[in-house]
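Remarks on the overall topology
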Amino acid sequence: MPRPWPGAAMTAEALIATAQALDGLGYMPSKSGNVSIRTERGFLITPSGLPYAQLTPKELVECGPDGGVLAGQRRPSSEWRLHADIYAARPDAQALVHTHSPHATALSCARRPIPPFHYMIAMAGGDDIPCSDYATFGTPELAQAAVRAIEGRRACLLANHGVVAIGSGLAAADALAREVENLAREYLLLLASGLSPVLLTPDEMVAVKAQFRGYGRPA
Ligand SMILES: [Zn+2]
């Protein structure tokens, strides 16, 4: 049971609630996906191979930066390196949500970024949502591919795999992972219609980001 810092119990409950809600949306099929939050010593992450519906705080795992288990009886998610490497590379990441949400995952199989067809793309921190190079799940190569793809952004697609979203907290990472799926669904609808997207220009995206700042939202 990870209980080494003030608020650990609340953090654990929030982590479980987030994972269960995303699973309920169908974004974590076949026990895929994983969620973590940064801690003082490393990060607290969902365990490997357990159905989300049954998760309890004692099944969460706290890992050090090298993936070593600091607290918990279970093995961490097989994708722990992805979390460890992104936390190491991105001091702004306080939480990480990884999903296999269906529309974004479908687009990831085309291995191309989602372009600025809609202004909400700016929510991911730039003018597109990049797609990583392909690497086998659970490997250091995938973790590094994700670090490269998410550079300068808060979300990316993982080629032939899924989505990574980071945030200043769990709620922000969760909201962004949901928005990436929403944008992917809209983009696929547009492509399927046969209409050609009219992409926003760099200047138009600058104005979007300024407007988001005016609304007090991260962009
Ligand atoms: Zn995955």
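Quick look at the structure, then. Computed from a predicted model, the values in this text were never measured in an experiment.

On to the packing of aromatic side chains. Describing an aromatic ring pair means giving the distance of the ring centres and the angle of the ring planes. What the rule picks out here adds up to three aromatic pairs. Ring centres of Phe43 and Tyr87 lie 5.6 Å apart, and the angle between their planes is 35°; on these two criteria the pair is classed as tilted. With a gap of 44 residues between them, Phe43 in strand E2 (residues 43–45) and Tyr87 in helix H2 (residues 80–89) connect regions that are remote in the sequence. Like Phe43, the residue Tyr87 is buried in the burial classification.

So, about the sheet that holds strand E1 (residues 34–38). Within the open sheet, the seven strands sit side by side as E4-E3-E2-E1-E5-E7-E6. Their pairing is antiparallel. Looking at which strands have only one partner, the edges of the open sheet turn out to be strand E4 (69–71) and strand E6 (155–158). Strand-to-strand, the axes of this sheet are offset by a mean angle of 25°, without reference to chain direction. Relative to strand E5 (residues 95–99), E1 is paired through four bridges, and the arrangement is antiparallel. For Val35, the partnering residue across the bridge sits in E5 and is Val97. Contacts from helix H5 (residues 170–193) reach E1, E5, E6 and strand E7 (162–167) within the one sheet, and its direction differs from that of E7 by about 145°.

The coordination sphere of the zinc ion contains the protein donors His98 (NE2), His100 (NE2) and His161 (NE2), at a distance range of 2.1 Å. Classification of His100 as partly exposed rests on a relative accessible area of 22%.

Attention shifts here to the nonpolar core. Ranked by internal contacts, the top residues of the largest apolar core, which has 43 residues, are Val35, Ile114, Ile129, Leu157 and Val180. Elements supplying a minimum of two residues to this core: helix H1 (8–24), E1, E5, helix H3 (102–108), E6, E7, H5 and helix H6 (202–214). Among the elements that line this core, the one with the most residues is H5, at eight residues. Not counting residues within four places of it along the chain, the set of residues in contact with Ile129 comprises Pro113, Ile114, Ile121, Ala124, Ala155, Cys156, Leu157, Val180 and Leu183.

Turning our attention to the layout of surface pockets. By volume, the largest pocket amounts to about 250 Å³. Residue lining of the largest pocket: 20 residues in total, with Ser32, Gly33, Asn34, Ser78 and Glu79 positioned closest to the centre. Here the residues of the lining of the largest pocket sort into six nonpolar, twelve polar and two charged.

The next subject is H1. For H1, which comprises 17 residues, the first-to-last C-alpha distance of 24 Å matches the rise-based estimate of 24 Å (1.5 Å per residue) to within 8%. Among the residues making up H1, those that are buried are Ala8, Thr11, Ala12, Leu15, Ile16, Thr18, Ala19 and Leu22. Seen along its axis, H1 keeps its buried residues to an arc of 160°; they face one direction. In H1, the exposed positions that point more than 90 degrees away from the buried face belong to Met10 and Gly24. Along its buried surface, H1 packs onto E1, E2, E5 and H5. Looking one or two places after H1, you find Gly26, whose phi comes out positive at around 85°.

What counts and what doesn't
Residues numbered from 1 in each chain as written. Predicted model: local features only at pLDDT ≥ 70, side-chain atom pairs only at ≥ 80, totals over all residues. Heavy atoms only, no water. Phe/Tyr/Trp six-rings, centres within 6.5 Å; stacked < 30°, edge-to-face > 60°. Helix = DSSP H or I, 4+ residues; strand = E, 2+ residues; numbered from the N terminus. Buried < 20%, exposed > 50% of the residue type's maximum accessible area, 1.4 Å probe, protein only. Pairing = 2+ DSSP bridges. Axes fitted to C-alpha atoms, helices over the stretch in contact; angles between N-to-C directions. Contact = heavy atoms within 4.5 Å. Donors = N, O, S within 2.8 Å, 3.2 Å for Na, K, Ca; no water. Core = buried A, V, L, I, M, F, W, Y, C linked by side-chain atoms within 4.5 Å. 1 Å grid on protein atoms, 1.4 Å probe; cavity = no way out; pocket = protein on both sides within 12 Å on 5 of 7 lines; lining within 4 Å. Points joined across faces, edges and corners; volume = space filled by probe spheres on them. Nonpolar A, V, L, I, M, F, W, Y, C, P; charged D, E, K, R; others polar. Expected span 1.5 Å × (residues − 1). Arc of directions from axis to C-beta.

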